[in-house]
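# Analysis of the macromolecular model
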Amino acid sequence: MGKTLLQKVWDLHTVRTLPTGQTQLFIGLHLVHEVTSPQAFDALRARGWRVARTDRTFATVDHIVPTRERARPFLDLLAEDMIASLERNCREFGIRLAGLDDSRQGIVHVIGPELGLTQPGMTIACGDSHTSTHGAFGAVALGIGTSQVRDVLASQCLAMEPMKVRRIRVTGLLSPGVYAKDVILSIINRLGVGGGVGYAYEYAGDTIERMSMDERMTICNMSIEGGARVGYVNPDETTFQYLKGRPFAPEGEAFDRARAWWQAIASDRDARYDDDVVLRAGEQAPVVTWGVNPGQSVPVTGRVPTERAAGSDAKAVADALGYMGFKGGEPVAGMKIDVAFIGSCTNSRLSDLREAARIVRGHRVAPHVNALVVPGSASVKRAAEQEGLDQIFRDAGFEWRGAGCSMCLGMNPDKLVGPQVCASSSNRNFKGRQGSPTGRTLLMSPAMVAAAAVAGEITDVRGLVAEQVEA
Amino acid sequence: MGAQKIARIEGTALPMRGDDVDTDRIIPARFLRSVTFDGLEDHLFEDERAGAAGAAASRHPFDNPQYRGASIVLVNRNFGCGSSREHAPQALQRWGIRAVLGESFSEIFFGNSLMIGLACVTAAPEHVRELMTRVEAQPAVRLRLDLQAGTCTLDGFSCPIALPAHARDALTTGAWDTTGLLLERYEEVDAVGQRLPYVTGFQGRA
Ligand code: SF4
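Residues numbered from 1 in each chain as written. Chains lettered and ligands numbered in written order. Predicted model: local features only at pLDDT ≥ 70, side-chain atom pairs only at ≥ 80, totals over all residues. Heavy atoms only, no water.

Secondary structure assignment for chain B yields eight helices and seven strands. Dimensions of chain B, computed from C-alpha atoms along their principal axes, come out at roughly 70 × 40 × 30 Å. Every one of the 206 residues in chain B was classed for burial, and the buried ones make up 58%. Counting contacts in chain B only where the partners sit at least 6 residues apart, residues at least 24 apart contribute 70% of the total. Positive and negative side-chain charges of chain B, numbering 21 and 26 respectively, have mean locations separated by a distance of 2 Å. (Helix = DSSP H or I, 4+ residues; strand = E, 2+ residues; numbered from the N terminus. Buried < 20%, exposed > 50% of the residue type's maximum accessible area, 1.4 Å probe, protein only. Contact = heavy atoms within 4.5 Å. Lys, Arg positive; Asp, Glu negative; His and termini not counted. Charge placed at Lys NZ, Arg CZ, Asp CG, Glu CD.)

Here it is as structure tokens:
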């Protein structure tokens, strides 16, 4: 009987079984950011501990950085304090930091891959739930809390319980205008926001195999929104080609040896899965969320559910409709938006910006819409500017910002105001997520956000994509 | 490093109804802008508490005077989903909560709670419903959670509660503060690092 990638990586990284029955797991890469680490460093100081493996640790700043005015000290003194304390901690403990002015700065889940830090077969931990993103490379990537950040800093290990593996096979060709984001939103809608608890999701099937690394990252990124702490794709030629030449990737003969090891870490053909699910991508339409969790979504051609039709979920649907101010049965297409946000670790990589720019080119943002593009990293920003994407967005009336988490969460100056409705390429539509306690978030692909920005309302991007093909 | 042993938790309870209560609701992100966890309890469920101010009947459970002093929260399914912020269990604990009893928990929330000695235990949905109903009818009733025996008892009612063996052992033996445990045999950690080719730079034969 073969093994899954998860089992292989788990076995290779097991130090021992702890008295509690948990596994002591070696962590191959620890990514650190400003928000979930200060208390962990304080705990180290209090107990006189060092950082165990500074060579396996890398830090950056993303959550609270302003994306417009970045001069120091920040106007926001709390933000200034957090950044300054990460700088101090990294200096004191000897950790590499891609700080605010570093050419490598960006959202932690965007820079790990683009620097080649993220590699197949690794265990990766970061004090952030979207660490699952790195699973796109065939790594086992775990989101952790601050006390666990302390554990990894001090011991390079985590105490973990084993996971089951659910294989999700996606098959068929995606139509133009339909993206990885639509696939993962559909998966979450089908399996539920708590459906993945206790599981790692292995994404497989020809649709996933055809996807670029950027697209696989979008898929793995949102595993946690389906309750799965870990999501991964088996490494293949697409993975290896992506890694080749990246700053922290092995070079020359070492790369060839790495490739052989990476290939061997993939799930065996005869691996046993605890569960198996199949999804047909050919029938996939663009998806939009209408509610207050990422599972509450419909195809853009669909309607918001009615409380009555929701059965046992009636209470949750009524609550979500109440918060969102939508009427059950309303079509989602045509819903007015106030803000359009293209960014976040789900969809702020170069390919996302290219797709959105393709929709925007030659159009203007609707007059009542505030639109912004926030590249995921300083490097994405530079590459986009070299291609002139920034100009396309600016000409259309978008703001073009510096790299950071921005309006994905309410921790920096970019926030919704009052009950604004935001078409967002991010990953969470929780109540208050985008910084206003009454703000409303509709999740969708970056191309759908671009289309909504131009139309001023939710619209099926497939119409615009078709228009381009004819032109 | 020895931590407090947590085998029994007794106190009044507070029902927090609804599935999929996410950590952004428990503690909105703007309160994470601090280098300590101090004072988080003042902002627990802040946005929805503000929204529910007013008539006593519709008041948020955390603002309802009859639940003041509660040390156990009763919740439904998938509690604590979303962000990995430890600030969520920290805020609950600092408010005075010592255990969360519900149908199910998000994994990261569960792990974060365990790391700080906040017990998360599960019970069957019908038992959670029964407990909520009883507490709402009689807020002064005291619940007794026995982690070893796996029971929740109160006047006139008792039901089984569960938590994974590792979590039960960790709490009841005081081994929930893991760093010391993980540091115990650092040579073995080093040995694992030495045999991982990516740690040694893919030198020699893989
Ligand atoms: S972009 Fe959003 S989801 Fe991603 S790390 Fe930043 S805050 Fe978290």
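Along its length, chain A carries 16 helices and 19 strands. Expected size for 471 residues packed as a compact globule is a radius of gyration near 23 Å; at 21 Å, chain A falls within 12% of this value. Counting only C-alpha atoms, chain A reaches 55 × 55 × 45 Å along its principal axes. The proportion of buried residues among the 471 residues of chain A is 65%. Of all intrachain contacts in chain A linking residues separated by at least 6 positions in sequence, the fraction that spans at least 24 positions is 76%. Accessible surface, chain A as shown: approximately 15500 Å² in total, 50% of it carbon and sulfur. (Rg over C-alpha atoms; globule rule 2.2 N^0.38 Å. Areas by Shrake-Rupley, 256 points an atom, 1.4 Å probe, with all protein chains shown as cover.)

Turning our attention to the layout of surface pockets. In this approach a probe as big as a water molecule rolls over the atoms, and the regions it shows empty are the leftover space. One number sums up the size of the largest pocket: a volume of about 1400 Å³. If you trace the largest pocket, you find 49 residues lining it, with K315, A316 and D319 of chain A together with G18 and D19 of chain B closest to the centre. Here the lining of the largest pocket takes four residues from helix α11 (residues 314-324) of chain A, the largest share from any one element. Viewed by domain, the lining of the largest pocket spans two of them, domain 2 (164-283) and domain 3 (288-470) of chain A, each represented by three or more residues. (1 Å grid on protein atoms, 1.4 Å probe; cavity = no way out; pocket = protein on both sides within 12 Å on 5 of 7 lines; lining within 4 Å. Points joined across faces, edges and corners; volume = space filled by probe spheres on them. Domains from an automatic or database assignment.)

We now examine the sheet that holds strand β19 (residues 440-443) of chain A. Sheet strands associate in pairs through backbone hydrogen bonding, adopting either a parallel or an antiparallel arrangement. Residues and elements named next belong to chain A. Overall, parallel pairing links the five strands, which are arranged β17-β16-β15-β18-β19 in an open sheet. Strand pairing shows two members of the sheet lacking a second neighbour, β17 (399-400) and β19, which therefore form its edges. Of the pairings in the sheet, the one linking strand β18 (residues 421-424) to β19 comprises four bridges and is parallel in character. Within the sheet, the bridge partner assigned to C422 lies in β19 and is T441. (Pairing = 2+ DSSP bridges.)

This next bit is on the side chain of D62 of chain A. Residue and element names in this part refer to chain A. One can find D62 in the loop between β4 (57-60) and α3 (77-93). An unpaired buried charge is present at D62: no salt bridge exists, and R70, the closest side chain of opposite charge, is 10 Å distant. Setting aside its immediate chain neighbours within four residues, D62 contacts H33, E34, G106, I107, V108, G404 and C405. (Salt bridge = Lys/Arg side-chain N within 4 Å of Asp/Glu carboxyl O.)

Here we come to the site of the ligand. All names here are of chain A. Surrounding the ligand, one finds H63, I107, H109, D128, H130, S344, C345, C405, C408, L409, N427 and R433. Mapping the ligand onto the cavity grids shows that it belongs to the largest cavity. Residue classes in the shell around the ligand are distributed as five nonpolar, five polar and two charged. Residue assignment places the shell around the ligand across two domains, with domain 1 (5-160) and domain 3 (288-470) each supplying three or more. (Near = heavy atom within 4 Å. Sits in = over half its atoms within 2 Å of the grid points. Nonpolar A, V, L, I, M, F, W, Y, C, P; charged D, E, K, R; others polar.)

Residues and elements named next belong to chain A. Tallied over the full model, the rule gives three cavities of 30 Å³ or more. Taken as a whole, the largest cavity holds about 220 Å³ of empty space. Forming the walls of the largest cavity are 23 residues, and the residues nearest its centre are H63, D128, H130, L409 and R433. Of the residues that constitute the lining of the largest cavity, the class distribution is eight nonpolar, 11 polar and four charged. In terms of domain composition, the lining of the largest cavity takes at least three residues from each of domain 1 (5-160) and domain 3 (288-470). Of the voids in this model, the second largest cavity is the one considered here, and its volume is about 120 Å³.

Opposite the 74 residues of chain A that make contact, chain B presents 55 residues. Taking both sides of the interface into account, the surface hidden between chain A and chain B amounts to around 5400 Å²; carbon and sulfur atoms contribute 59%. At the boundary of chain A with chain B, the tally comes to six salt bridges. Across the pair R16 of chain A and E184 of chain B runs a salt bridge whose closest N-O atoms are separated by 3.3 Å. The tally of links from chain A across to chain B stands at 23 residue pairs in polar contact (both at pLDDT 80 or more). (Buried area = accessible area lost by both parts, 1.4 Å probe. Polar contact = N/O pair within 3.5 Å; in protein donor to acceptor, adjacent residues only side chain to side chain.)

A separate point is the pairing of β18 of chain A. Residues and elements named next belong to chain A. Here β18 shows no split at all, with V421 and A423 on one side and C422 and S424 on the other all buried. Pairing of strand β15 (residues 339-342) with β18, which is carried by three bridges, proceeds in the parallel orientation. Looking at β18, one finds that A340 is bridged to A423.

Next up on the list: the nonpolar core. Residues Y203, F393, F398 and I458 of chain A together with L92 and L101 of chain B are the most contacted members of the largest nonpolar core, which totals 224 residues. With seven residues, the single largest contributor to this core is helix α15 (residues 446-455) of chain A. Contacts of F393 of chain A, omitting those with residues within four sequence positions, involve I342, L353, A356, A357, V360, V373, F398 and W400 of chain A. Within the second largest apolar cluster, eight residues are counted, among which are V339, F341, L416 and C422 of chain A. (Core = buried A, V, L, I, M, F, W, Y, C linked by side-chain atoms within 4.5 Å.)

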